[in-house]
Amino acid sequence: MSMHKLVLLPGDGIGPEVMAEVRKIIGWLEQNTDASFGAWEDALGGASIDKYGVPLADEVLEACRNADAIIMGSVGGPKWDGVDYNIRPEAGLLKLRKELDLFANLRPAIVFDALVDASTLKPEIVKGLDILIVRELTGGVYFGEPRGIEDLGNGERRGFNTQTYTTSEIRRVGAVAFELARKRQNRVCSAEKANVMESGKLWREEITKLHGEKYDDVELSHMYADNCAMQLLRNPQQFDVIVTDNLFGDILSDEAAMLTGSLGMLPSASLGKPGTPGLYEPVHGSAPDIAGQGKANPLATILSFAMALRYSLNRGDLADRIETAAQDVLSQGLRTADIMADGCKEISTSEMGDALVSALTQAMAEAA
Ligand code: NAD
C-alpha cells in the first residue's frame, strides 16, 4: 500500500495543541492498520511570520502542492495584530487556498447523538442531522470586478461589488456536489436567487443542464437562498447536500454549523480539481483566550483529518472508524470544557486525544 503524503500546518494559538492530537491518531493508524503516512510539518500564519518573515513561505507552498492532503490548525492572534496588512497571518491561508485553486468548500453539519442538547433547536428537529454544504469558494461577489468605493462628488459615496459566475465555475462546483451526493443520500439542493439575480438564473440553468447530462440518477431540487435559510431552521432533515455560491454559502454554512451547537466539533474541507491536494481545517479560529491551557477541543481538527482520509486519501473506511470513535467517546460522557454538560466528565485536550485512541483500540478489539 502506498504512503499518504501529508503536510501538517498547526499554525497559531490552539493550532499546535489540537494538531498534536491528530498526530496521535496518525500514529495509531500506522500501528494498527495497513495505512502509512509521511507527515511533514511546518509553519503557517503567525508562526510563519516569526520563522520566515511571511505568513506562507514558498517552500511550504511547494510542499503543499506535492502533498496528497494538507491538515491545518488555525492562524492568527493578537501577537500579529500590528503586522502589515499584506503579511497578516490570514493572508497566508488565503494565498494557500488561491494557489491550490481550492474552489469547493465542504462544511458538514452533523449532530452527534450525545450532543443533541447542545443545539439551540429542539432535539426532535436536529437528532441524527447530517447535512453537507458545498460552497463555491473562489468566485462570486467576493472576487468580482469592478468593485470599489467611489466619491459621487455631491457629498455621497457609492460602494459596489460585482456578483459574477461563469459556466465552468458553476459546473465544476456542481460536479463536486453531485459526486458527493452519490456517496451519501443521493440528493442535491441547489440554492441561489434566480428570481432576482441574473447570476442566479445562470446558476440554476447550468446546474440543471449538468444534472441532465451526467447526474440524472441524483435527485436535484432548487431553492431560493432566503427560503433555504428558513428551511434550515424549520426542517433541516430535508437536506442532504446543499450546493451554493460563495456569498450564500458563507451565510448558510455558518447557519447550518450552529444547528450542531459547538464550534469545537466542526470540521471542513476545501477541494480543487480531482487529483490535486485538498486542505482540511477546523471551522474555529486560533482561540487565543484558551491557548496553552489544555482546554481546546481537538475533535474539529481530528474530524477534519477524517475528511482528508475520506475525500483525498480514498480511505473512507478509516474515516468511519475515527468518526465512530468520536461518537463513542462522547457517549461515554467525556467532554472538553466547550461541550461540557451536566453529569459528564471534563477532560483536557490531550485526554480527549487519548480517549479517542482508546475508543479506536476498543472498537478494533470488539471487531476481531
Ligand atoms: P475563535 O474560533 O478562535 O474563537 C471563538 C470562541 O470559541 C472563543 O471563545 C474560543 O475559546 C472558542 N473556541 C474556538 N475553538 C475552540 C475549540 N477547538 N475548543 C474550545 N473552544 C474553542 O474565533 P475568534 O476569537 O473570533 O478569532 C481568534 C483568532 O482566530 C483571530 O486572530 C482570527 O482572525 C482567527 N481565525 C482564524 C481562522 C482560521 O484559521 N481559519 C478562523 C477564524 C478565526
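The rules behind the values
Residues numbered from 1 in each chain as written. Predicted model: local features only at pLDDT ≥ 70, side-chain atom pairs only at ≥ 80, totals over all residues. Heavy atoms only, no water. Helix = DSSP H or I, 4+ residues; strand = E, 2+ residues; numbered from the N terminus. Buried < 20%, exposed > 50% of the residue type's maximum accessible area, 1.4 Å probe, protein only. Lys, Arg positive; Asp, Glu negative; His and termini not counted. Salt bridge = Lys/Arg side-chain N within 4 Å of Asp/Glu carboxyl O. Contact = heavy atoms within 4.5 Å. Core = buried A, V, L, I, M, F, W, Y, C linked by side-chain atoms within 4.5 Å. Domains from an automatic or database assignment. Pairing = 2+ DSSP bridges. Axes fitted to C-alpha atoms, helices over the stretch in contact; angles between N-to-C directions. Phe/Tyr/Trp six-rings, centres within 6.5 Å; stacked < 30°, edge-to-face > 60°. Lys NZ or Arg CZ within 6 Å of the ring centre and 35° of its normal. Buried area = accessible area lost by both parts, 1.4 Å probe. Nonpolar A, V, L, I, M, F, W, Y, C, P; charged D, E, K, R; others polar. Expected span 1.5 Å × (residues − 1). Polar contact = N/O pair within 3.5 Å; in protein donor to acceptor, adjacent residues only side chain to side chain.

Caption draft 1: Looking closely at the side chain of R88. Among the structural elements, R88 can be located in the loop between β3 (69-74) and α4 (89-99). The buried charged residue R88 lacks any salt bridge partner; its closest oppositely charged side chain belongs to E90, at an N-O distance of 4.3 Å. If sequence neighbours within four positions are ignored, R88 has contacts with I49, P55, V83 and L94.

Caption draft 2: A look at the nonpolar core. Ranked by size, the top nonpolar core spans 65 residues in total, and within it L106, V134 and F305 carry the most contacts. Structurally, this core is a two-domain feature, drawing no fewer than three residues from each of domain 1 (1-103 + 273-368) and domain 2 (109-271). By size, the runner-up hydrophobic cluster in this structure holds 19 residues, among which are V111, V126, I131 and I242.

Caption draft 3: Spatial organisation of the sheet that holds strand β12 (residues 278-282). The strand order across the open sheet built from 10 strands is β2-β1-β3-β12-β11-β4-β5-β10-β8-β9, with neighbouring strands paired in mixed fashion. On the outer flanks of this sheet lie β2 (36-41) and β9 (219-224), each paired with one strand and no other. Taking each pair of neighbouring strands and ignoring which way they run, the sheet shows an average axis angle of 25°. Strand direction decides the pairing type here: strand β1 (residues 3-11) and β2, joined by six bridges, are parallel. Paired with L6 across the bridge in β2 is A39.

Caption draft 4: Region of interest: the packing of aromatic side chains. Scanning all chains against the criterion turns up three aromatic pairs. Between Y165 and W203 the ring centres are 5.3 Å apart and the planes differ by 75°, which places this aromatic pair in the edge-to-face class. With Y165 in the loop between β7 (157-160) and α6 (167-182) and W203 in helix α7 (residues 198-214), the pair connects residues that are 38 residues apart, well separated along the chain. Its relative accessible area of 7% is what places Y165 among the buried residues. Classification of W203 by relative accessible area gives buried; the value is 1%. In this structure, R88 is placed above the aromatic ring of Y85, and the distance from its NZ or CZ to the ring centre is 3.9 Å.

Caption draft 5: Representation of the environment of A177 in the model. Within the secondary structure layout, A177 lies in helix α6. Those residues within four positions of A177 in sequence are excluded, and the remaining contacts are V134, V188, V241 and V243.

Caption draft 6: Spotlight on the domain arrangement of the protein. Taken as a whole, the protein is organised into domain 1 (1-103 + 273-368) and domain 2 (109-271). Computed from C-alpha atoms alone, the centre-to-centre distance between domain 1 and domain 2 is 24 Å. Between domain 1 and domain 2, the residue contacts involve 26 residues of the former and 23 residues of the latter. Summed over both partners, the interface of domain 1 with domain 2 comes to about 2,300 Å²; 65% of that surface belongs to carbon and sulfur atoms. Considering only the side of domain 1, the residues that lose the most area to domain 2 are F103, V283 and Y311, jointly responsible for 31% of the buried surface there. The interface formed by domain 1 and domain 2 includes one salt bridge. Salt-bridge contacts for D101 lead to R172; the nearest nitrogen and oxygen are separated by 3.4 Å. Broken down by element, the residue count for the side of domain 1 that touches domain 2 peaks at six residues, all from helix α10 (residues 299-311). Class assignment of the residues belonging to the side of domain 1 that touches domain 2 gives a composition of 14 nonpolar, six polar and six charged.

Caption draft 7: Just unusual backbone geometry, in detail. Residue E145 is joined to P146 through a cis peptide bond whose omega torsion reads 0°. Positionally, P146 belongs in the loop between β5 (130-136) and β6 (148-151). Unusually for a residue other than glycine, N186 sits at a positive phi of about 65°. Secondary-structure assignment places N186 in the loop between α6 and β8 (187-192).

Caption draft 8: Local environment of helix α9 (residues 246-260). For α9, which comprises 15 residues, the first-to-last C-alpha distance of 22 Å matches the rise-based estimate of 21 Å (1.5 Å per residue) to within 8%. Considering only its buried residues, α9 is in contact with β4 (104-110), α5 (123-126), β5, β8, α8 (225-234) and β10 (241-244). The residue sitting at the N-terminus of α9 and contributing the capping side-chain oxygen is D245; that oxygen lies 3.1 Å from the backbone nitrogen of L247. Where α9 terminates, the next one or two residues include G261, which has phi positive at roughly 85°.

Caption draft 9: The arrangement of the pattern of salt bridges in detail. One pass over the full model with this rule turns up 24 salt bridges. The salt bridge partner of R65 is E62, with a shortest N-O separation of 3.7 Å. Within this pair, R65 and its partner E62 are both found in helix α3 (residues 58-65), separated by three residues, close to a single helical turn. Overall, the relative accessible area of 41% leaves E62 in the partly exposed class. Between D320 and R310 there is a salt bridge whose closest N-O contact spans 2.4 Å. Here the residue D320 occupies a position in helix α11 (residues 316-331), and R310 occupies one in helix α10, the gap between them amounting to 10 residues. Among the charged side chains, a network of salt bridges with common partners joins E21, K24 and D354.

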